[in-house]
Amino acid sequence: MGTAEKPIVFTSLLDDEYGGDTNNDNAATIPKPGDWRSIKISADGSVFEHATLRYGGLEDPSGSFWANMRIEDASAVIKNSVIEHAQNYGLLLKNSTSTIESNTIRLNNRNVPGMTPGTGMIINGGAPSILKNTFSKNTVGLVIYGGASSKIEENNFTDNIQEAIQSNGAYPTFTGNTAQNNGTNGVLLSGELDRDYELSSNLTYIIPNSYVTPEGKNLTIKAGTILKLMGTGLMLVRGKLNAKGTVDKKIVFTSINDDEYGGDTNANGTSTTPVPNDWLHLTIKNGTGTSTLEHAVVRYGGNKPVFSAPLGALHIKNSTIEIKNTTVEKNYFLGISMENANSVVINDSLIKDHSDPGPETFFGIYLTASSTPTIQNTSFKNNETHIFTDGTSSFIDGGGNSFE
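Described in the following lines is the structure provided in the data block.

The rules we used
Residues numbered from 1 in each chain as written. Predicted model: local features only at pLDDT ≥ 70, side-chain atom pairs only at ≥ 80, totals over all residues. Heavy atoms only, no water. Helix = DSSP H or I, 4+ residues; strand = E, 2+ residues; numbered from the N terminus. Buried < 20%, exposed > 50% of the residue type's maximum accessible area, 1.4 Å probe, protein only. Areas by Shrake-Rupley, 256 points an atom, 1.4 Å probe, with all protein chains shown as cover. Core = buried A, V, L, I, M, F, W, Y, C linked by side-chain atoms within 4.5 Å. Contact = heavy atoms within 4.5 Å. Phe/Tyr/Trp six-rings, centres within 6.5 Å; stacked < 30°, edge-to-face > 60°. Lys NZ or Arg CZ within 6 Å of the ring centre and 35° of its normal. Pairing = 2+ DSSP bridges. Axes fitted to C-alpha atoms, helices over the stretch in contact; angles between N-to-C directions. Polar contact = N/O pair within 3.5 Å; in protein donor to acceptor, adjacent residues only side chain to side chain. Salt bridge = Lys/Arg side-chain N within 4 Å of Asp/Glu carboxyl O.

1. Thoughts on the overall build of the protein
Turning to step 1, where the next piece is worked out: A count of helices and strands for the protein gives 0 helices and 43 strands.
Turning to step 2, where the next piece is worked out: The C-alpha extent of the protein, read off along each of the three principal axes, is 85 × 40 × 40 Å.
Turning to step 3, where the next piece is worked out: Burial statistics for the protein: of 404 residues in total, 50% are counted as buried.
Turning to step 4, where the next piece is worked out: Per element, the accessible surface of the protein, about 16,300 Å² overall, is 48% carbon and sulfur.

See below:
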């Protein structure tokens, strides 16, 4: 363990900043990422405090190094240290329960097309605690995958070239983190769950492709959570969705281009604005149990893939859901579509602004295949057609509905 005034330094032979001109070449050579391999920890109990690790992480064909420090199948404590200038990853944790606290993880920033991007930290499996660190000027700040259930608390992500965080098939919890001036100021979310999971409300989640809850699994979304989707982004729930916001902390499903909720997540100022069809849909399909969507906002979805039928922003098929105090607005073609949805209840909600000057007719709610929802105390405003029913479907008017 070092001290703030006297850190322990692990660096390249070519690095004259620490220890002077060790190789006595008068600055003829300069250090670069990948000048050395890695520090590898494979047993419990190591402690690094007030250390500096730089210019390592050699990318070898066997994948044995790649990080300034690798902690595998072990637990260590890394505190008050600087981890920088790795060729690939500043720090790699594999099946680890380490504590990584109050460090500066920066300038791991290889950003070359076709090559592995520089990443501040990689977490592959395990359950480490990542606390009060600064991730700065990496290509990606933090990547979590392999089913990891990390605790990510009070970290600051700033000036990373791409995403602040990527979470793929992982189960982290996020509390008190901040993100500013990154290529994307949030958590890029992807994968398929294999257990129940709760999305915490901290940083904005971004879904570029698909995020799937399989049959028999529960996805809980905490009040105040903001999810932004893009292009082919969709959330598919085959299990059960528990999404209960509050009056003051709504759950929002919207476009990556929507700065009204969650701020300028894609960090492009006002160069893009949200439009209907910016993302695909939130689908509850063959669900198990009764899903809940309460005090939520669903907007700017409904993108239709080529040669596919439109599903709208919220699609319910062979499932039961209660939709309450929710606004569904400004979506492409359909706000809500239902197929064989017999036990859907819509209460105290607002379905609005599904209209377009083009030849297509837009619909607030679109019912097919023997769907019979109950709708009550719900307002329909500025939809070209408020409710469509095919020959097999109808809705139960529970009273208190208005159509403008």
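2. What to know about the nonpolar core
Turning to step 1, where the next piece is worked out: With 74 residues, the main nonpolar core has Met121, Ile221, Met235 and Phe253 as its most contacted residues.
Turning to step 2, where the next piece is worked out: Residues within four places of Met235 in sequence aside, it is in contact with Ile207, Tyr211, Leu219, Ile221, Leu227, Leu229, Phe253, His281, Leu282 and Thr283.
Turning to step 3, where the next piece is worked out: Formed by 7 residues, the second largest nonpolar core is a distinct cluster that contains Trp66, Ala67, Leu92 and Val143.

3. Side note on the packing of aromatic side chains
Turning to step 1, where the next piece is worked out: Summed over the entire model, instances satisfying the criterion amount to 13 aromatic pairs.
Turning to step 2, where the next piece is worked out: Ring geometry for Tyr332 versus Phe333: centroids 6.2 Å apart, planes at 35°, classification tilted.
Turning to step 3, where the next piece is worked out: Grouped by ring-pair contacts, the aromatic residues Tyr332, Phe333, Phe362, Phe363, Tyr366 and Phe388 constitute a single cluster.
Turning to step 4, where the next piece is worked out: Here the basic side chain of Arg195 rests over the ring of Tyr171, its NZ or CZ set 3.9 Å away from the ring centre.

4. Remarks on unusual backbone geometry
The general pattern is negative phi for most residues beyond glycine and trans for most peptide bonds.
Turning to step 1, where the next piece is worked out: Phi at His50 takes a positive value of approximately 55°, unusual for a residue other than glycine.
Turning to step 2, where the next piece is worked out: At Asn80, a residue that is not glycine, the phi angle is positive and equals roughly 50°.
Turning to step 3, where the next piece is worked out: For Asn80, the position within the fold is in the loop between strand 6 (76-79) and strand 7 (82-84).
Turning to step 4, where the next piece is worked out: For Asn80, a relative accessible area of 30% puts it in the partly exposed group.

5. Description of the sheet that holds strand 6
Adjacent strands of a sheet pair through backbone hydrogen bonds, lying either parallel or antiparallel.
Turning to step 1, where the next piece is worked out: Ordered in space as 3-6-9-12-15-18, the 6 strands form an open sheet in which the pairing is parallel. Edge positions in the open sheet fall to strand 3 (46-49) and strand 18 (173-175), since each of these has one partner strand only. Going from strand to strand, the sheet's axes swing by 5° on average, the running direction of each strand aside.
Turning to step 2, where the next piece is worked out: Here strand 12 (residues 129-131) pairs with strand 15 (residues 151-153) via 3 bridges, running parallel. Within the sheet, the bridge partner assigned to Leu131 lies in strand 15 and is Glu153.

6. Some thoughts on the sheet that holds strand 10 (residues 104-106)
Turning to step 1, where the next piece is worked out: What the 7 strands build is an open sheet, ordered 1-4-7-10-13-16-19; its pairing is parallel. Looking at the sheet topology across the chains shown, the edges are occupied by strand 1 (8-10) and strand 19 (178-180). Sheet twist, expressed as the mean angle between neighbouring strand axes with direction ignored, is 10°.
Turning to step 2, where the next piece is worked out: One ladder, built from 3 bridges, connects strand 7 with strand 10; its direction is parallel. For Val82, the partnering residue across the bridge sits in strand 10 and is Thr104.

7. Notes on the pairing of strand 38 (residues 363-368)
Turning to step 1, where the next piece is worked out: Among the 6 residues that make up strand 38, 5 are buried, leaving the element largely enclosed by the rest of the structure.
Turning to step 2, where the next piece is worked out: Summarising the sheet, strand 38 and strand 41 (residues 385-389) pair through 4 bridges and their orientation is parallel. Residue pairing in the sheet places Leu367 in a bridge with Thr389 of strand 41.

8. Considering the side chain of Thr213
Turning to step 1, where the next piece is worked out: Locating Thr213 in the fold gives a position in strand 23 (residues 210-213).
Turning to step 2, where the next piece is worked out: Each residue touching Thr213, except ones within four places of it in the same chain, is listed here: Leu193, Asn218, Leu219, Leu236, Val237, Arg238 and Gly239.

9. Quick word on the environment of Glu360
Turning to step 1, where the next piece is worked out: Examined against the element boundaries, Glu360 turns out to sit in the loop between strand 37 (350-354) and strand 38.
Turning to step 2, where the next piece is worked out: Classification of Glu360 as partly exposed rests on a relative accessible area of 38%.
Turning to step 3, where the next piece is worked out: With sequence-adjacent residues up to four places away left out, Glu360 is seen in contact with Tyr332, Phe333 and Glu384.
Turning to step 4, where the next piece is worked out: Side-chain polar atoms of Glu360 contact the side chain of Tyr332, separated by 2.8 Å.

10. Overview of the pattern of salt bridges
Turning to step 1, where the next piece is worked out: A complete count under the given rule lists 13 salt bridges for this structure.
Turning to step 2, where the next piece is worked out: The partner of Glu17 in a salt bridge is Arg54, with the nearest N and O atoms 3.3 Å apart. Here the residue Glu17 occupies a position in the loop between strand 1 and strand 2 (39-41), and Arg54 occupies one in strand 4 (residues 51-54), the gap between them amounting to 37 residues.
Turning to step 3, where the next piece is worked out: Taking the relative accessible area as the measure of exposure, Glu17 reaches 57% and is therefore exposed.
Turning to step 4, where the next piece is worked out: A salt bridge links Asp35 to Lys32; the nearest nitrogen and oxygen atoms lie 3.0 Å apart.
Turning to step 5, where the next piece is worked out: Its relative accessible area of 26% is what places Asp35 among the partly exposed residues.
Turning to step 6, where the next piece is worked out: With a relative accessible area of 49%, Lys32 lands in the partly exposed category.
Turning to step 7, where the next piece is worked out: Counted as one network, the salt bridges with shared partners bring together Asp15, Glu17, Arg54, Glu84 and Arg106.

11. Some details on the environment of Phe253
Turning to step 1, where the next piece is worked out: In this structure, Phe253 sits in strand 28 (residues 251-255).
Turning to step 2, where the next piece is worked out: Sequence separation of Phe253 and Asn95 is 158 residues, and the distance between their C-alpha atoms is 33 Å.
Turning to step 3, where the next piece is worked out: In this structure Phe253 touches Ile221, Leu227, Met235, Trp279, Leu282, Leu293, Val297, Val298 and Arg299, once residues within four positions along its chain are discounted.

12. Brief notes about the side chain of Asn177
Turning to step 1, where the next piece is worked out: Residue position: Asn177 is located in the loop between strand 18 and strand 19.
Turning to step 2, where the next piece is worked out: In this structure the side chain of Asn177 is engaged in a polar contact, spanning 2.9 Å, whose partner is the backbone nitrogen of Asn155.
Turning to step 3, where the next piece is worked out: The residues touching Asn177, leaving out its near neighbours within four places in the chain, are Ile152, Glu153, Glu154, Asn155, Phe157, Asn202 and Leu203.

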